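An overview of the molecular structure
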Amino acid sequence: MKKRVKSREHLRRRLILFLVLAGILVVISLAAPLICPNDPNATSAADMNRAPCAEFPFGTDRYGRCVCSRVLMGSRTSIYSAVALVAITFVVGMVLGMLAGWYGGFLDSLVMRLADVMLAFPQMVLAIAVAGILGGGMGNAMLAMGITGWTLYARLARAQVLALKEEPYVHAARLSGCSSWTVLTKTLLPNMLGPMLVTAATQIGVMMIGLAGLSFLGIGVTEPQAEWGSMINTSRAYLQLAPWAVLAPAVATIITVMIFNYLGDCMRDYLDVGVER
Amino acid sequence: MSVLEGKGLKKRYQKQNRVIEALRGVDFHLEDGEILGLAGESGSGKSTLLKLIAGLEPPSEGSILLHGRELSTRRTKEDYRSMQMIFQSAGGSFHPRRTIYDSIAESLHSLRGREARVDVEAISDMVGLPPELMSRYPRQLSGGQCQRMAIARAMAVQPEILLCDEITSALDVSSQAQILRLVADICRENSTSAIFVSHDLAVIRCLCDRVMVMKDGALVEEGSVEQVILQPREDYTRRLVDSVLQI
Amino acid sequence: MSSEILSVSHLTVGYGEHAAAADVSFQLQRGEILCLVGESGCGKSTVLKALLAAPEIRVLSGSITLEGQTISELPDKERRGLCCERMGIVFQSPQETFNPIRSYRRQFIETLKSHGRYDAAAFDGQVEEAFLKVELTDWKRVLSECPFALSGGMNQRVALALALLLGQEILLCDEPTSALDATIQLQVAHELQRLRDKNGVTQIIVTHNLALARFLADRIGVMYAGRLVELGRASDVLQDPKHPYTRSLIAAIPGLDGRMPVGLPGSPPMTGPSETGCEFHDRCPLAKDSCACRTYAPQQVGDGHSASCCEGKQSLPGEGEEGRP
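These remarks concern the structure in this document.

Here is what the cut-offs are and how they apply
- Residues numbered from 1 in each chain as written.
- Chains lettered and ligands numbered in written order.
- Predicted model: local features only at pLDDT ≥ 70, side-chain atom pairs only at ≥ 80, totals over all residues.
- Axes fitted to C-alpha atoms, helices over the stretch in contact; angles between N-to-C directions.
- Helix = DSSP H or I, 4+ residues; strand = E, 2+ residues; numbered from the N terminus.
- Parallel < 35°, antiparallel > 145°, perpendicular 65-115°, else oblique.
- Left-handed = near helix turned anticlockwise from the far one by under 90°.
- Contact = placed C-beta atoms within 7 Å.
- Nonpolar A, V, L, I, M, F, W, Y, C, P; charged D, E, K, R; others polar.
- Pairing = 2+ DSSP bridges.
- Buried ≥ 20, exposed ≤ 12 C-beta atoms within 10 Å, placed from the backbone.

Bringing the packing of helix α3 (residues 105-120) of chain A against helix α5 (residues 138-165) of chain A into the picture now. Residues and elements named next belong to chain A. Here α3 crosses α5 at 130°, and the two axes come no closer than 9 Å. Of the possible angle classes, the one that applies to α3 and α5 is oblique. The handedness of the crossing between α3 and α5 comes out as left-handed. Along the contact surface, α3 presents Val111, Ala115, Met118 and Leu119, while α5 presents Ile147, Thr148, Thr151, Ala154 and Arg155. Taken together, the residues of the contact of α3 with α5 break down into six nonpolar, two polar and one charged.

Right, let's talk about the interface of chain A and chain B for a bit. With 13 residues of chain A at the interface, the matching set in chain B holds 19 residues. Sorting the residues of the side of chain A that touches chain B by element identifies α6 (168-175) and α7 (180-216) of chain A as the ones contributing at least two each. With six residues, the single largest contributor to the side of chain A that touches chain B is α6(A). Class assignment for the residues of the side of chain A that touches chain B results in six nonpolar, four polar and three charged.

Residues and elements named next belong to chain B. Spatially, four strands are ordered β2-β1-β4-β5 in an open sheet, and the strand pairing comes out antiparallel. Here the strands that pair on one side only, and so sit at the sheet edges, are β2 (18-30) and β5 (69-70). In this structure, strand β1 (residues 4-15) lies alongside strand β4 (residues 61-66), joined through five bridges in antiparallel fashion. Looking across to β4, one finds that Lys7 is bridged to Ser63.

The next thing to look at is the sheet that holds strand β4 (residues 58-66) of chain C. The pairing of strands in a sheet happens through backbone hydrogen bonds and is either parallel or antiparallel. All names here are of chain C. Judged by pairing direction, the sheet is antiparallel, and its four strands sit side by side in the order β2-β1-β4-β5 without closing on themselves. At either margin of the open sheet sits one strand with a lone partner, and together these are β2 (18-29) and β5 (69-70). Direction of pairing for strand β1 (residues 4-15) relative to β4: antiparallel, over a ladder of seven bridges. Along β4, the bridge assignment pairs Leu6 with Leu66.

Quick look at the pairing of strand β6 (residues 87-90) of chain C now. All names here are of chain C. The side-chain alternation of β6 yields two buried faces, one formed by Met87 and Ile89 and the other by Gly88 and Val90. Bridge count for β6 against strand β7 (residues 170-174) is four bridges, and the pairing is parallel. Opposite Gly88, over in β7, you have Leu171 as the bridge partner.

This next bit is on the environment of Leu136(C). Residues and elements named next belong to chain C. In this structure, Leu136 sits in the loop between α5 (123-133) and α6 (139-144). Given 20 C-beta atoms within a 10 Å radius, Leu136 is considered buried. C-alpha separation for the pair Leu136 and Ala161, spaced 25 residues apart in sequence, amounts to 9.0 Å. Setting aside its immediate chain neighbours within four residues, Leu136 contacts Phe131, Val142, Arg157 and Ala161.

Distances and angles like these do not, on their own, reveal function.
Okay, structure coming up:
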């Protein structure tokens, strides 16, 4: 017993650590306009491909723009859009999955077949196709990723509802005259949220990479908006001349994705151990 | 007129590509103030019948009448209030993250209106438990205590019928004895009728007035407990009675 | 060959440092069935697992003697090997005994090989003989099936057949009938009886069902909170119980006579034996002030009949009441 409590404490501290780190990232992205050393969009022919120095902490890119400032501003785009995308797909997927699992029958078949159709396509290929058809821009890129993104939460929610539906306390709630809506929101939802939030946290990193990928391919964010994927794309032709212009956004992406992934892991470990059986 | 009546109840389940007939046309009746036992082995359909009666699942065919009025698939709150169910898994029938008090209050407010007062003293007194236990979580109570609280929650809304699904099967023998006595006392004091499902004929013998023996979704024999257990007419009933190990 | 096959003396066992059962002593005679009876948390399963040398159980003190050899002193690996060879095990659910998704044929062959008793030529014949002893006539089909495809009762009988095949003289059963329907319970109980009567298999059966013990046991040991509170011949323990707990256990069992069973308030403790005082005193209707500080000391109360308290000679409050009005 003692050993278990100790490890729970340890997991709690790890969770708090990564929550704090993720929080720092969010704060940085919020405060980006204030902490940018230079104007992220200001080009300068004199400063093209300059190495990191006092004036430009991460150097400049081929247009003479401050890489550091662009990375900071890009964090807003990358983090916000990934979080927004995950939030939207989470809600949509969860609602559809819960309804499918609870009511079964035609609704269940409809939702699941729809999910199957979406999942039949490789996610990135479909995203590229959709984004290409709709044109560029972050909004369309998010839509492209979101079209398949909801299926994950729908399946998870449905599986949870199916498993919990037969629990005696759910029967007891129904026999107390509670409407289906009340049972779903007040009884089932709190018990399901744990694993689903863990999935969502881990998906932030996945979505971030997906969006960066679309931008890298030129069908996400358009210039001159700062976004890590598109920055890598813009600067890769000059990789040998100005590697910092590629490294900075790449490392930023890696660090951010890792922090969110670890956050997801910590949440899962903490909740797994702490779940009352 | 019977308090509760069932006519031609059938229930079919679709499992992969097979159809399972859990109930094959069962009739029953429950009189005022009596405790009816549903006996049978696993797969006999007794729990399925109880679920149909409670309204957890709709029958494939047949009807259920409460005081002569047919119950529709969509039950009203008043229907739910008149029939309360107690489950086999004592702790499992309470929401794991709510206190016992919250669960009972939720049920009471839902079925008796928001103004209904949760009389903690009276409720715990009825089942012989100290009132402090109501502020605990289900996992902090023993199996027997949880089952008593489940009975308390059911009786708090003053139902006419108690539906008991193997409520003592998961309990130790002394807790089982306590619960049986409690159910007998409560039903007698409140003139509540009950349907008691159990695979244990000895339990049915000491608690119930009448018993229905079921096998493979159909009724095999029915009658008073003395008659069915001491003088069974059917071979299957006789085999069941002979299998009871006694002290 | 002496008639005593297994002896347990002042055995204290537990998971880690905390004892789950303390000061347990009994002797098992060849060819007899001993039932260890008690409610959840009484330590009966722990004692059984200790006899099997299960890795998670530690022998904290006392000794286990198998056919004159004190095995509790042996190094773990050797002890386990000896126990596996001499003692068969049947659990409550077949999932605990067998791999649910592998055919019985393969599992039987593997088990026989690991015991060094596999004879390819004689295998079929031996299996048929063992299965017939447990009244499984369709042995070929059963052998080709996987445990999950068969019913609980059939799986238990297969487990018994395997014990027969392995030729183990002692069979340890942990709640062998609890998960089964009543009619199947009786069948398996008959099998266990037959194993004793026809094959001389000595058995220790752990169960919470005192009625099953009455049916099967030659001797009964009643356990409460990790202590063996009463031990004796089945007839003595059931008809002339000495310990108040035994008496209350008997009174709590419903019978077909319609008598309402009497249950003690509260529930059995899950904490194991205590250092001082009778573990039962807070629930015992016959408890006296001195019970809170007395030490556990079983006394002989008859021929082969011992109990740690004799107050149960008196009847308990509520006993003998009428059933339903």
